[in-house]
Amino acid sequence: MNRSRSHALALTFAMGSLALALPPRCWPQENAPRTARQQEIEELMGKNSPLDDDWETEILYKHADHELKELAGILAQRGDGSALSDVSRFFADSSALAPLRPEGGEVRTVGKFSIRRCGAAEAPEEATATDPAAVFARLLAPFEGAAQVSVAFKLYRVERHAPGRFNTTVLYQAFGAASERRVQQTARWRIEWKETDDPDRPLIAGIDLVHFDEIESRGPQFTECTGAVFADDALFADLMLRGGDYWFGRSDALGEWNYLGHNGLAVGDVNGDGLDDLYVATGTGIPNRLYVQNPDGTTTERALEAGVAWLDDTKGVLLLDHDNDGDQDLVCAMGSLIVISANDGTGTFAPAHMLRAATPPNFYSLAAADYDLDGDLDIYACRYVKTRYGESLPDPFHDARNGPPNHLLRNDLPAGFMDVTAEVGLDANNDRFSLAASWADYDADGDPDLYVANDFGRNNLYRNDGGKFVDVAAAAQAEDQAAGMGVSWEDFDLDGDFDLLVSNMFSGAGQRIAYQPRFKAGAEAERQEIQRHSLGNTLLRNNGDGTFADVSDDAGIRMGRWAFGAVFADFGNDGWPDMVVPNGFLTNELKDDL
Amino acid sequence: MDGGNSWSGRERNCAYLNLGDGRFADVSAISGLDYLDDGRAAALTDWDGDGDLDLFLRNRTGPVLRFLRNDEERGRSFLSLRLEGTQCNRDAIGAVVDVFAGGKRFVRQLAAGDGYLAQSSKTLHFGLGTVEKVDRVLVRWPGGDAQEFSGLEPNQRYALMQGAPAARLLPARSVELPAAPVAARPSSGSARVVLRTPLPLPPAAAGSTGPKLINLWSRTCAPCLEELRGLAARDQDLRVAGLACLPLCLDSTAEWPESEALFASRVAAGRSDLSFAPRLPCEGEVEFLRTVLEHVLARPTDGLPVSFLVDRDGRLQIVYLGPIAPDQLLADAKRYGEKPPLGSERGAFPGRWFSGMPRDLRGLAASCRARNLEEQARFYEALAQEGQVPPPQRE
């Protein structure tokens, strides 16, 4: 196993083989000569899948995963005992099963949820059982009467500990609803597998319970009313019920491709009637939408009349009062332009400023604050790739410094906006793959500080020292070196200072491979950095002394899948910020190849 | 057209409930938030005014937009605050608000942009759980002093103005939005692609003067035949519109000209005096049209039928994938055939382009040359040289 080979695997799981995910022929012909390094990365990214390689654990994973999928299918049918008697075929004789639904534990009521939690420590000692059908019947008892039960497993650690035996760490999730009563179980199990004469069909030799949550509620927290809110928009079905994959082959290739769906949204009151409205950014050739709220909560779509039905690909958008005249203006990141359209006070806009980056890369997320405290709003704009998404290769992928610069645009109205990135010190560490940024006064000194989430490496925490910035991420222990995609600030522990939620990628494959002893053997530092890359979302607790502590494991929030815009959101309405995690990278007709 | 592998696709969105002791519980499924969408962004607002935070979700996959009403139990209190700066920026972005209630201190800041590509409401929402009384509210205005407001009641909305002596009560409003889930619209094989910038075609491809529709079809393609029948049925309208139809049959010469398909199309139309007659493509003609298709579409298709609407000056305006609806074609012929819009007003949907975007004619020339389409390659090279591209709109 040579060095480049192991690098290949890291790239494969972390980055995603975009070249495979997209039809190969749509990638432009390579005219420019590639460096050997580029060729290596491209080849490694695109052509290797762990299963093609000689990672034995990935073979074990594949077999164990296959068994668990079958088991999940049987458990989901639940119902009568005859179906459950069937589960014994997945188990070795005299397998040792912990009680998967232990008694006792800690019971909490938060909002409409009643949570019963048993950690490994809290779970009372109970005799291990050997009858799988009985153990699973007891596990699934709360779903009695549910019309439909979903059961899923996610397998994210595999290790061989003895000849013919291997262990896996598995996330178990089950959900069912019987009229208003809803039940969700979330558990972590350590499963020991025993290999058999048939290498494709290992048997479960034992299950240990690591963690168990059983949650009940009456009715869901969220009810979808999309159809009611947007009923007025005659083009809603054409434009909003179709995704980036649809438009990719059905629009002019000039400009940004619509495939990846990096288009945002902004809430704000555009007509000053006291009700929030919604602006939705869309891809190339699809008009951005302005949904103005009616008193009854429905909307009227009026982007065209309002002068903001832009057809250009639009990523980050903000509604804010850039000229302090009492109405909400619109800021759009369209390619390498930032366009500010002034509101005339009635919700009708006209372009007022166009800010063009000196170099072509597209802008992504925008975040505004008055960094110099002169009474008007300045705009920080992130940039991600030098060319197109998926074409600019991060190098090295876990600490890439070959991204395009971000910009801080100072509001000098009436003169206009001035790029002051270098002048204020934001040109330091400004060469990463930045997807998102957000401002907050984390050190409570009265001026807004800036956190920037970077894919493929370390994030920035720019402390604002009277209008000049210093990147203190390393000293503050807030680098969170991983696949940063989103930033949210809230005081999640009610201690009076702002904590950080950073969206990252949770990859079962990444964790399975990066934790193998032979992965990056001999390069421990790099190994650990790559291990971090696929661990999932990060919660950084503000210690109140200028530093942060990564409390993600204690909080139990890492598993957010391929997370983009995770945000704190107190949906439980008790003042303790909860979290909402939009996730999922590319869904296409074919299932994942990993 | 929608094939291809997924990559971390079909992942369910997650929700975590703060248990108030440093730990969270996964409530993804039970909360009803666990959509399979490729989620990108979330924006928060108490849209319906019932005192809890609702959600807009922005996705890559259809539906690309969802509204989720928060159904928090009644009886939990909240406080809703709208700030207005007078010394600081008028939106009061950067203001930090402490609400002291029930022995706790709840802190929020007013941000413009967080999560990913998202901005939530500027109305600060404080969930207060079972708290029945608000002790005081402290606003730290950006760049300014802290200001205390008192006498605020839970379950109310207030406007807090910098320097004003007291909070101003805003009218209550709560509306009932009905449940109305939506689903992705199924894909169809057809599409109408209006070129963002028209593409001049070489004279040989553009053919005679006047707007025209070049159509690629095959006798083995049922939708092609149906399309031709549909066009034949509207022959008179097409004549009036001045639109010439040039169907190019992709089948082998041996089956030409007594093609069953040709015959079928005429018979189906019930007549043999059509203004358009299918013909065989010239050498390189189809190759060239395929090259154009690859240039125009990010993900070109081999599917049939495919058609090209060319304006009277020989510029490609619209590509149709799949069968064309004759009414759409007639409308397009009217709008794009004679004096097509050149600038910001073009598009399959009503809207405006902010930026012009020149075509990469050198790239197209190179693609032509790679397929031995020498004449076409020279045409585009010359065009690129002359800069005979419609000028960008604003740039």
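Chemist: Please explain the packing of helix 6 (residues 285–296) of chain B against helix 8 (residues 361–370) of chain B as it appears in this structure.
Modeler: For any two helices packed against each other, one specifies the crossing angle of their axes together with the interaxial distance. Residue and element names in this part refer to chain B. Relative to each other, helix 6 and helix 8 sit at 145°, their axes nearing to 10 Å. The handedness of the crossing between helix 6 and helix 8 comes out as right-handed. Across the interface between the two elements, Phe288, Thr291 and His295 from helix 6 touch Leu364, Ser367 and Cys368 from helix 8. Considering only residue class, the contact of helix 6 with helix 8 consists of 3 nonpolar, 3 polar and no charged.

Chemist: What is the right way to read the state of the cysteines from this model?
Modeler: Two cysteines whose sulfur atoms are joined by a covalent bond form what is called a disulfide. With the rule as written, the count across this model stands at 1 disulfide over all chains. The disulfide partner of B:Cys221 is B:Cys224, and the S-S distance across this bridge is 2.2 Å. The disulfide joining B:Cys221 to B:Cys224 has a torsion of about 85° about its S-S bond and is therefore right-handed. You can call B:Cys221 buried: its relative accessible area is 9%. Between A:Cys332, a cysteine without a disulfide, and A:Cys382, which holds the nearest cysteine sulfur, the sulfur-to-sulfur distance is 16 Å.

Chemist: Hey, could you run me through the environment of B:Leu243 in this one?
Modeler: Residue and element names in this part refer to chain B. Position of leucine 243 among the secondary structure elements: in the loop between helix 4 (235–241) and strand 17 (244–249). Given a relative accessible area of 4%, leucine 243 falls into the buried group. Leave out the neighbours within four places in its chain, and leucine 243 touches Pro211, Lys212, Leu213, Leu238, Leu309, Leu329 and Ala333.

Chemist: What exactly am I supposed to notice about the packing of aromatic side chains here?
Modeler: A ring pair, where both rings are aromatic, is described by two values, the distance of the centres and the angle of the planes. Evaluation of the coordinates by the stated rule reveals 36 aromatic pairs over all chains. With centroids separated by 5.9 Å and ring planes inclined at 55°, the aromatic side chains of A:Phe91 and A:Phe136 adopt a geometry described as tilted. A residue pair is termed long-range when its members are at least 10 positions apart, and A:Phe91 in strand 1 (residues 91–97) and A:Phe136 in helix 6 (residues 132–139) qualify at 45 residues. Summarising the burial analysis for this pair, A:Phe91 and A:Phe136 share the class buried. Geometrically, the ring pair formed by A:Tyr384 and A:Phe433 is edge-to-face, given 5.8 Å between the ring centres and 85° between the ring planes. A residue pair is termed long-range when its members are at least 10 positions apart, and A:Tyr384 in the loop between strand 18 (378–383) and strand 19 (407–411) and A:Phe433 in strand 21 (residues 433–440) qualify at 49 residues. A:Tyr384 gets classed as buried once you look at its relative accessible area, which sits at 2%. Aromatic rings pair up to connect A:Phe230, A:Phe236, A:Tyr291, B:Trp47, B:Phe56 and B:Phe67 into one cluster. Positioned over the ring face of A:Tyr364 is A:Lys315, at 4.9 Å from the centre of the ring.

Chemist: Any chance you could explain the packing of helix 8 of chain B against helix 9 (residues 374–386) of chain B here in plain terms?
Modeler: Residue and element names in this part refer to chain B. Relative orientation of the contacting elements helix 8 and helix 9 amounts to 165°, with a least axis distance of 8 Å. The orientation of helix 8 relative to helix 9 falls into the category roughly antiparallel. Our pair here, helix 8 against helix 9, has a crossing hand that is left-handed. Touching Leu361, Arg362, Leu364, Ala365, Cys368 and Arg369 of helix 8 are Glu374, Gln376, Ala377, Arg378, Tyr380, Glu381, Leu383, Ala384 and Gln385, all from helix 9. Considering only residue class, the contact of helix 8 with helix 9 consists of 8 nonpolar, 2 polar and 5 charged.

Chemist: Can you help me understand the sheet that holds strand 18 of chain A in this one?
Modeler: The strands making up a sheet associate through hydrogen bonds between their backbones, and the pairing can be parallel or antiparallel. Residue and element names in this part refer to chain A. Spatially, 4 strands are ordered 17-18-19-20 in an open sheet, and the strand pairing comes out antiparallel. Looking at the sheet topology across the chains shown, the edges are occupied by strand 17 (363–369) and strand 20 (417–419). Direction aside, the axes of adjacent strands within the sheet are offset by 25° on average. With 3 bridges connecting them, strand 19 and strand 20 associate as antiparallel partners. Within strand 20, the position partnered with arginine 410 by the bridge is methionine 418.

Chemist: How do you make sense of the confidence of the model for chain A when you look at a structure like this?
Modeler: Any residue range with low pLDDT should be treated as having predicted coordinates unsuitable for detailed reading. Confidence in the prediction for chain A averages 87 pLDDT; 88% of positions are at 70 or higher. Between residues 40–52 of chain A, whose pLDDT stays under 50, and residues either more than four places distant or in other chains, the model counts 37 contacts.

Chemist: Please clarify how the sheet that holds strand 17 of chain B should be interpreted in this entry.
Modeler: All names here are of chain B. An order of 15-19-18-16-17 is seen for the 5 strands of this open sheet, with the pairing classed as mixed. For this open sheet the edge positions go to strand 15 (191–200) and strand 17, each flanked by a neighbour on one side alone. Neighbour-to-neighbour, the strand axes of this sheet turn through a mean angle of 20°, independent of strand direction. Along the sheet face, helix 3 (residues 222–233) touches strand 16 (212–217), strand 17 and strand 18 (306–310) and points at about 150° away from the line of strand 16. Of the strands in this sheet, strand 15, strand 16, strand 18 and strand 19 (315–321) are in contact with helix 7 (residues 326–337), which crosses strand 19 at around 165°.

Chemist: Explain the nonpolar core here, please?
Modeler: Membership of the largest hydrophobic core comes to 48 residues, with the highest contact counts inside it found for A:Tyr451, A:Leu461, A:Trp489 and A:Phe548. For this core, the secondary-structure elements that each account for two or more residues are strand 21, strand 22 (449–455), strand 25 (486–490), strand 26 (499–503) and helix 11 (508–514) of chain A. Ranked by residues supplied to this core, first place goes to strand 21 of chain A with 4 residues. Within the second largest apolar cluster, 43 residues are counted, among which are A:Phe363, B:Leu83, B:Cys88 and B:Leu110.

Chemist: What is the right way to read helix 4 (residues 56–77) of chain A from this model?
Modeler: One turn of the α-helix equals 3.6 residues, which is why residues spaced by three or four share an orientation. The end-to-end C-alpha separation of helix 4 of chain A is 33 Å, in line with the 32 Å expected for 22 residues at 1.5 Å each. Once helix 4 of chain A finishes, A:Arg78 follows within two positions and takes phi at roughly 40°, a positive value.

Chemist: Sorry, what's going on with empty space enclosed by the protein here?
Modeler: Regions of empty space are outlined by a rolling probe, equal in size to a water molecule, passed over the atoms. Per the counting criterion, the structure on display carries 5 cavities of 30 Å³ or more. Here the largest cavity is characterised by a volume of approximately 360 Å³. As for the largest cavity, its lining consists of 24 residues, and the residues nearest its centre are A:Glu490, B:Leu44, B:Gln109, B:Asp114 and B:Ser120. Listing elements by their share of the lining of the largest cavity, those giving two or more residues are strand 25 and strand 29 (567–568) of chain A together with strand 8 (104–109) and strand 10 (124–129) of chain B. If one sorts the elements of the lining of the largest cavity by residue count, strand 25 of chain A sits on top with 3 residues.

Chemist: Sorry, what's going on with the interface of chain B and chain A here?
Modeler: Accessible area lost on assembly of the parts is the figure often given for the size of an interface. Listed per partner, the contact involves 142 residues of chain B and 182 residues of chain A. Summed over both sides, the interface of chain B with chain A buries roughly 13,800 Å², with 55% coming from carbon and sulfur. When the area that chain B buries against chain A is broken down by residue, the three leading residues are B:Trp7, B:Ile30 and B:Arg60, summing to 7%. With its nearest N and O atoms 3.3 Å apart, the salt bridge here joins A:Asp312 to B:Arg196. If you look at where chain B meets chain A, you find 93 residue pairs in polar contact (both at pLDDT 80 or more). A total of 7 residues in the side of chain B that touches chain A trace back to one element, the largest contributor, which is strand 3 (residues 39–45) of chain B. Here the side of chain B that touches chain A is built from residues that sort into 64 nonpolar, 42 polar and 36 charged. Looking at chain direction, strand 8 (residues 222–224) of chain A and strand 5 (residues 65–70) of chain B are connected through 3 bridges and run antiparallel. Pairing of A:Thr223 across the sheet is with B:Arg69, part of strand 5 of chain B.

Chemist: Explanation requested: the pairing of strand 8 of chain B in the structure shown.
Modeler: Along any regular strand the residues' side chains alternate between the sheet's two faces. Residues and elements named next belong to chain B. Here strand 7 (residues 96–101) pairs with strand 8 via 6 bridges, running antiparallel. Paired with valine 97 across the bridge in strand 8 is arginine 108. Remark: 2 residues form the turn of the hairpin made by strand 7 and strand 8, two consecutive strands paired antiparallel; glycine 102 in that turn has positive phi of roughly 55°.

Chemist: How do you make sense of unusual backbone geometry when you look at a structure like this?
Modeler: Most peptide bonds adopt trans geometry, and most residues besides glycine take a negative phi value. In this structure, the amide linkage connecting B:Gly62 to the following residue, B:Pro63, adopts the cis form with an omega of -5°. Tracing the sequence through the fold places B:Pro63 in the loop between strand 4 (54–59) and strand 5. Of note, the bond from B:Leu304 into B:Pro305 is cis; its omega dihedral lies within 30 degrees of zero at -5°. Here B:Pro305 lies in the loop between helix 6 and strand 18. At A:Ser179, a position not held by glycine, the phi torsion is positive, near 45°. Of note, A:Leu373 is a non-glycine position whose phi angle comes to about 50°, a positive value. Topologically, A:Leu373 is positioned in the loop between strand 17 and strand 18.

Chemist: How do you make sense of the side chain of B:Ser6 when you look at a structure like this?
Modeler: Mapped onto the secondary structure, B:Ser6 falls in the segment before strand 1 (14–18). In this structure the side chain of B:Ser6 is engaged in a polar contact, spanning 2.7 Å, whose partner is the backbone nitrogen of A:Asn588. A polar contact is formed between the side chain of B:Ser6 and the side chain of B:Arg10, at a distance of 3.2 Å.

Basis of the calculations
Residues numbered from 1 in each chain as written. Chains lettered and ligands numbered in written order. Predicted model: local features only at pLDDT ≥ 70, side-chain atom pairs only at ≥ 80, totals over all residues. Heavy atoms only, no water. Axes fitted to C-alpha atoms, helices over the stretch in contact; angles between N-to-C directions. Helix = DSSP H or I, 4+ residues; strand = E, 2+ residues; numbered from the N terminus. Left-handed = near helix turned anticlockwise from the far one by under 90°. Contact = heavy atoms within 4.5 Å. Nonpolar A, V, L, I, M, F, W, Y, C, P; charged D, E, K, R; others polar. Disulfide = S-S within 2.5 Å. Buried < 20%, exposed > 50% of the residue type's maximum accessible area, 1.4 Å probe, protein only. Phe/Tyr/Trp six-rings, centres within 6.5 Å; stacked < 30°, edge-to-face > 60°. Lys NZ or Arg CZ within 6 Å of the ring centre and 35° of its normal. Parallel < 35°, antiparallel > 145°, perpendicular 65-115°, else oblique. Pairing = 2+ DSSP bridges. pLDDT = per-residue confidence, 0-100. Core = buried A, V, L, I, M, F, W, Y, C linked by side-chain atoms within 4.5 Å. Expected span 1.5 Å × (residues − 1). 1 Å grid on protein atoms, 1.4 Å probe; cavity = no way out; pocket = protein on both sides within 12 Å on 5 of 7 lines; lining within 4 Å. Points joined across faces, edges and corners; volume = space filled by probe spheres on them. Buried area = accessible area lost by both parts, 1.4 Å probe. Salt bridge = Lys/Arg side-chain N within 4 Å of Asp/Glu carboxyl O. Polar contact = N/O pair within 3.5 Å; in protein donor to acceptor, adjacent residues only side chain to side chain.

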